[in-house]
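# Structural characterization, general
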Amino acid sequence: MSDSSPEHPARPVVLDVWCELQCPDCRTALDDVRALRARYGDRVELRLRHFPLEKHKHSFAAAQAAEEAFEQGKGWPYVEAVLAGVEELGRRGEPFLVDTARELGLDAEEFDTALIDGRHILIVDADQAEGKAIGVTGTPTYVVDGERLDGGESQEGLRERVEEITDRLLAAEGS
């Protein structure tokens with residue numbers, strides 16, 4: 001029996017999205033992320049997890065910038081804007097990250113400072129270390145209820161598998 005009364009609401013299903021903000025495959029996966037958010041709303045806690053890859057020289061800075069965007073209250077819009085400009089990020093690097101923040105009405109000077117002082121490095125490092133520990137090797141990778149679903153090779157059927165697991169969990173919770 002699930003205790004999901006108003007005093008004890010059902011906990012949302014946690015869906016970790018291991019992403020790299022200079023990754024074209026992660027940009028493609030945004031459609032799946034949007035669809036999952038639309039389908040489940042607040043019944044699913046969608047968490048961005050950083051997994052910068054060495055082959056993309058601006059991905060570590062982009063992960064730090066995304067953390068600053070979350071701190072300033074526009075994390076997902078920023079992530080979507082950066083992924084939409086993957087090629088430009090590759091060409092321009094940090095200036096692109098700061099300009100994107102400015103375009104979204106965020107404090108661009110604070111982004112620049114955050115990239116210099118490294119205030120978000122520990123978050124990015126911790127995500128990357130955890131990802132490696134659980135077997136993440138590429139992006140996008142989803143983890144729902146402890147099950148890792150790797151989209152780095154192919155995203156074929158991935159959203160459907162995430163939905164299947166999430167639906168099963170929500171049914172078990174009674175929501």
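This write-up is about the structure you can find in this document. Just so it is clear, the structure is predicted and the values come from calculations on it, not from any experiment.

### Considering the side chain of His 56
Here His 56 is to be found in the loop between β2 (44-50) and α2 (59-71). In this structure His 56 touches Glu 20, Gln 22 and Cys 23, once residues within four positions along its chain are discounted.

### Focus on the environment of Asp 31
Looking at the element boundaries, Asp 31 is found in helix α1 (residues 24-40). A polar side-chain atom of Asp 31 sits 3.0 Å from a polar atom in the side chain of Arg 34.

### Here's the deal with the packing of aromatic side chains
The full count for this structure, using the stated rule, is two aromatic pairs. Seen in terms of ring centroids, Phe 70 and Trp 76 are 6.1 Å apart; in terms of plane orientation they differ by 85 degrees. Their pairing is edge-to-face. Exposure remark for Trp 76: the relative accessible area of 15% places this residue in the buried category. Between Tyr 78 and Phe 111 the ring centres are 5.1 Å apart and the planes differ by 40 degrees, which places this aromatic pair in the tilted class.

About the criteria used
- Each chain has its residues counted from 1, following the order in which its sequence is written.
- At least 70 in pLDDT is required for a residue's local features to be given in this predicted model, at least 80 for side-chain atom pairs to be given and counted, and no such filter applies to totals for whole chains, interfaces and linings, which use all residues.
- Note that the side-chain values use all heavy atoms of the structure and ignore hydrogens as well as water.
- Here a strand is any run of E in DSSP of at least two residues, a helix any run of H or I of at least four, and the numbering for each starts at the N terminus.
- Two residues qualify as a contact provided that any one of their heavy atoms is within 4.5 Å of a heavy atom in the partner residue.
- Whenever a nitrogen or oxygen atom comes within 3.5 Å of another N or O atom, the pair is scored as a polar contact, on the condition that within protein one atom can donate a hydrogen and the other can accept it, and that pairs from neighbouring residues in sequence are kept only if both atoms are in side chains.
- When the centres of two rings from Phe, Tyr and Trp lie within 6.5 Å, Trp using its six-membered ring, the rings pair. Their planes under 30 degrees apart give stacked, over 60 give edge-to-face, and anything left gives tilted.
- Throughout, exposure labels follow a simple rule: accessible area from a 1.4 Å probe, protein chains only, divided by the maximum for the residue type, with under 20% read as buried, over 50% as exposed, and the rest as partly exposed.

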